Amino acid sequence: MRRMLAIYGKELKLYFDSPIAYIFIVVFLAATSWLFFRTFFLVKVSTMRSFFAIIPWICLFFIPAVSMRLWAEERKTGTNELLMSLPLQEWEVVLGKYFAALTVYIITIALTAPLAVVVGVLGAPDWGVIVGSYLGCLLLGAAVLAIGTFVSSLTTNQIVAFIISVLAVAALIIVGQPLVTLFLQGPLAVLVPYAEWLGMANHFASIARGVIDSRDLVYYLLLAVLPLYLTVKSIQASKVD
Amino acid sequence: MIEVEHVTKRFGATVAVDDVSFTVRPGEVVGFLGPNGAGKTTTMRVITGLMYPQAGTVKVNGKDIWADPVGVRQQLGYLPETTPLYEEMSTLDFLKFVAAVRGIPRRDISRRVDEMVEVCSLQTMAYKDIGELSRGYRQRVGLAQALIHDPPALILDEPTSGLDPTQILEIRKLIRRLGQEKAILFSTHILDEASKTSDRILIISDGKLVGEGNPQQLAAMATGEAVYSLELRGDAEALVSKLPPYFNVTSRQTTPEGASALTLACSEAGDRSEELFDLAVSVGGKLLKLSRQEATLEEVFLRLTKGGEA
């Protein structure tokens, strides 16, 4: 546990010692705030729905940018050789790095709280929905980040890691949407419920309604744990071949 | 104590390390010598548990890389070949990080880091980012992280590469000092370095151990062997045909002055110069030059690593 914390501390330090974390945070806040306030005062309804609706799409690009360096950079510069010569289990390194990146994301999300305050001051929003939506953001981010971590562990190139992560997450987001399910006709129609279950946006929308359903929690938990497990396996496998 | 037992490591079809076994005892500095690409780094990576071999095992102080890889790494300090370090971190932060991962108790960390900064003369660089350090200082930071937990065994992959002569001497001195109690395996492709720094030398070539012994023993493998070079005016053909069987003509040229320049390898011990002189006289030739050179460690190395061509 202490060793994992040391990894966590190191990764967090690397995020905040370099401009990366600050650039991410500023860009994320600027993009979300602008997209939110563009319509907020026109619609004249005190709700954050339009804000949370764009979160999956912002996360699609924002989180792979946070996770792309986690492993790819270490492999590129060779520091993973030093890291792996330290007395660490693979999962300790994987989790330490993952939670550091998750912390960057959580800080960013937390910094959007003033938006909720603005909405609260101007009207009477449904706080249950807002709290649920924030929980949805957290779960969504945790899952996307895990996928990004896994992809990053497969390559030495950060750009490749970024693009593959974005593609993988985009596929997961749109697979449950009408855009895809409408094409599943005839004998393929049996796949529709599965595609809908797989779709990340559906689960996000369900939690964002303020309803915490255990099926959504299980979905996100699975989507966070499985890629991390695969990351551990991919690192172990790279030592054998 | 590092025990390497029948380690074989393949990458696809290429065999990087082929059935290598050796031990490094505490208080012993072992030089791991071989040309580039001979399998030194791969062997060291297997010892540190960075990769697993297809066959064989490594034990460090009784801990096995298969059964207890973390235990093995706890016993080891490792300096990777190109000293990869976190460029954005300062020297102090980096050493503190390594100390924490190495399980040094929190209250001892700063004291231990200060000690390492002192031992490796990093005082002036303590607050600088590692990315700003010169090659020599980076190497010292690499050594500091390898030593911070006072490990009983050290694996140093080309610890002196890229350093200037003064720094090389310092590092060698440090290795010798540490080697009084620790088991140290260090790799190099510089023969002189291996013979000056280590108690024992292992020579590896194409993944196989081809020679082992202390510098004197290895040099002894060459004694009795000498190379004679001579210049003869006269019938070189006759001289060559009359040479005793323990002479072997390795090169033959004609000098601009029209004499024959011969290089002979001799496998018999002792100085055979007089014999050659008499021979030259007997074929009616005149010796313009005759010199004898004993085989050096260098030649043993070349012979062992090139399968006897040299």
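Residues numbered from 1 in each chain as written. Chains lettered and ligands numbered in written order. Predicted model: local features only at pLDDT ≥ 70, side-chain atom pairs only at ≥ 80, totals over all residues.

> Give me the lowdown on the overall build of chain B, citing residues and values where you can.
What chain B contains, in helices and strands, is eleven helices and 14 strands. For a compact globule of 310 residues, the expected C-alpha radius of gyration is about 19 Å, and chain B comes in at 25 Å, more than 25% above that figure. When its C-alpha atoms are laid out on the principal axes, chain B stretches across 85 × 45 × 35 Å. Put simply, chain B has 310 residues, and 42% of those count as buried. Restricting the contact set of chain B to residue pairs at least 6 apart, pairs at least 24 apart contribute 69%. (Helix = DSSP H or I, 4+ residues; strand = E, 2+ residues; numbered from the N terminus. Rg over C-alpha atoms; globule rule 2.2 N^0.38 Å. Buried ≥ 20, exposed ≤ 12 C-beta atoms within 10 Å, placed from the backbone. Contact = placed C-beta atoms within 7 Å.)

> Describe in detail the overall build of chain A, supporting the description with residues and values.
What chain A contains, in helices and strands, is 13 helices and zero strands. When its helices and strands are written in sequence order, chain A yields α-α-α-α-α-α-α-α-α-α-α-α-α. What you see for chain A is a C-alpha radius of gyration of 19 Å, in line with the 18 Å of a compact globule of 241 residues. If you line up chain A on its principal axes, its C-alpha atoms span 60 × 50 × 30 Å. Across the 241 residues of chain A, 39% fall into the buried class. Of the contacts made within chain A by residues no fewer than 6 positions apart, 80% connect residues no fewer than 24 positions apart.

> Break down the environment of glutamate 257 of chain B for me, with residues and values.
All names here are of chain B. Structurally, glutamate 257 can be placed in the loop between strand E12 (247–254) and strand E13 (260–266). Here glutamate 257 falls in the exposed class, since 9 other C-beta atoms lie within 10 Å of it. In this structure the C-alpha to C-alpha distance between glutamate 257 and arginine 233, which are 24 residues apart in sequence, comes to 9.2 Å.

> Would you mind going over the sheet that holds strand E3 (residues 28–33) of chain B in detail, with residue names and values included?
Residues and elements named next belong to chain B. Reading across the sheet, the six strands line up as E6-E7-E8-E3-E9-E10 and stay open at both edges, with mixed pairing between neighbours. For this open sheet the edge positions go to strand E6 (76–79) and strand E10 (208–213), each flanked by a neighbour on one side alone. Across this sheet, the average inter-strand angle for adjacent strands is 15 degrees, counted without regard to direction. In terms of strand pairing, E3 meets strand E9 (residues 200–205) through four bridges, oriented parallel. Bridge pairing in E9 places valine 30 opposite arginine 200. The strands touched by helix H5 (residues 135–147) within the sheet are E6 and strand E7 (153–157), with E6 carrying the most contacts at an inclination of about 165 degrees. (Pairing = 2+ DSSP bridges. Axes fitted to C-alpha atoms, helices over the stretch in contact; angles between N-to-C directions.)

> Before we move on, could you go through the interface of chain B and chain A and cite the residues and values that matter?
Counting residues at the interface gives 22 residues for chain B and 21 residues for chain A. Of all the secondary-structure elements, those providing two or more residues to the side of chain B that touches chain A are helix H2 (69–75) and helix H3 (91–101) of chain B. With five residues, the single largest contributor to the side of chain B that touches chain A is H3 of chain B. Considered class by class, the residues forming the side of chain B that touches chain A number 14 nonpolar, four polar and four charged. (Nonpolar A, V, L, I, M, F, W, Y, C, P; charged D, E, K, R; others polar.)

> Describe in detail the pairing of strand E11 (residues 226–233) of chain B, supporting the description with residues and values.
Residues and elements named next belong to chain B. Here E11 shows one buried face, formed by Ala226, Tyr228, Leu230 and Leu232, and one open face, formed by Val227, Ser229, Glu231 and Arg233. Two strands pair when backbone bridges link them, and E11 and E13 are joined in this way by seven bridges, in the antiparallel orientation. Note that in E13 the partner of leucine 232 across the bridge is serine 260.

> Break down the nonpolar core for me, citing the residues and quoting the values.
With 132 residues, the main nonpolar core has Ala143 and Ala146 of chain A together with Ala144 and Ile184 of chain B as its most contacted residues. Here this core takes 13 residues from helix H8 (residues 127–152) of chain A, the largest share from any one element. In contact with alanine 146 of chain A, other than residues within four places in its own chain, are Tyr98, Leu223, Ala224, Pro227 and Leu228 of chain A. In terms of nonpolar packing, the next biggest core, distinct from the first, is built from 14 residues, Leu232, Phe247, Ala259 and Leu279 of chain B among them. (Core = buried A, V, L, I, M, F, W, Y, C linked by C-beta atoms within 7 Å.)

> Which residues make up the sheet that holds strand E2 (residues 14–24) of chain B, and what values go with them?
Residue and element names in this part refer to chain B. Taken in spatial order, the four strands make up an open sheet running E2-E1-E4-E5, and their pairing is antiparallel. Looking at the sheet topology across the chains shown, the edges are occupied by E2 and strand E5 (63–64). With seven bridges joining them, strand E1 (residues 2–11) and E2 adopt antiparallel strand pairing. Within E2, the residue paired with lysine 9 across the bridge is valine 17.

> Hey, could you go over the packing of helix H6 (residues 90–110) of chain A against helix H13 (residues 214–240) of chain A for me, with residue numbers and the actual values?
For any two helices packed against each other, the geometry is given by the interaxial angle and the distance between the axes. Residue and element names in this part refer to chain A. Taken N-terminus to C-terminus, the directions of H6 and H13 make an angle of 130 degrees; their axes are 9 Å apart at the nearest point. By the angle between their directions, the pair H6 and H13 is classed as oblique. Both H6 and H13 take part in a crossing whose hand is right-handed. Here Glu90, Trp91, Val94 and Tyr98 of H6 come into contact with H13, specifically with Leu228, Thr231, Val232, Ile235 and Gln236. Per-class residue counts for the contact of H6 with H13 are six nonpolar, two polar and one charged. (Parallel < 35°, antiparallel > 145°, perpendicular 65-115°, else oblique. Left-handed = near helix turned anticlockwise from the far one by under 90°.)

> Just give me the short version of the environment of glutamine 253 of chain B, but keep the residues and values in it.
All names here are of chain B. Tracing the chain through its elements places glutamine 253 in strand E12. Looking at glutamine 253, the number of C-beta atoms within 10 Å reads 10, which means it is exposed. Note: C-alpha distance between glutamine 253 and threonine 263 (ten residues apart in sequence) is 9.0 Å.

> Residues and numbers for unusual backbone geometry, please.
In terms of backbone geometry, most residues other than glycine have negative phi values and most peptide bonds are trans. Residues and elements named next belong to chain B. The phi angle at asparagine 61 is positive, at roughly 50 degrees, despite the residue not being glycine. Looking at the element boundaries, asparagine 61 is found in the loop between strand E4 (55–60) and E5. Residue classification places asparagine 61 among the partly exposed positions, given that 17 C-beta atoms sit within 10 Å.

> Provide a residue-level description of the confidence of the model for chain A, including the pertinent values.
Counting all residues, the mean pLDDT for chain A is 89, and 100% of those residues have values of 70 or more. Per-element averaging of pLDDT across chain A places helix H10 (residues 178–181) of chain A at the bottom with 80 and H6 of chain A at the top with 95. (pLDDT = per-residue confidence, 0-100.)

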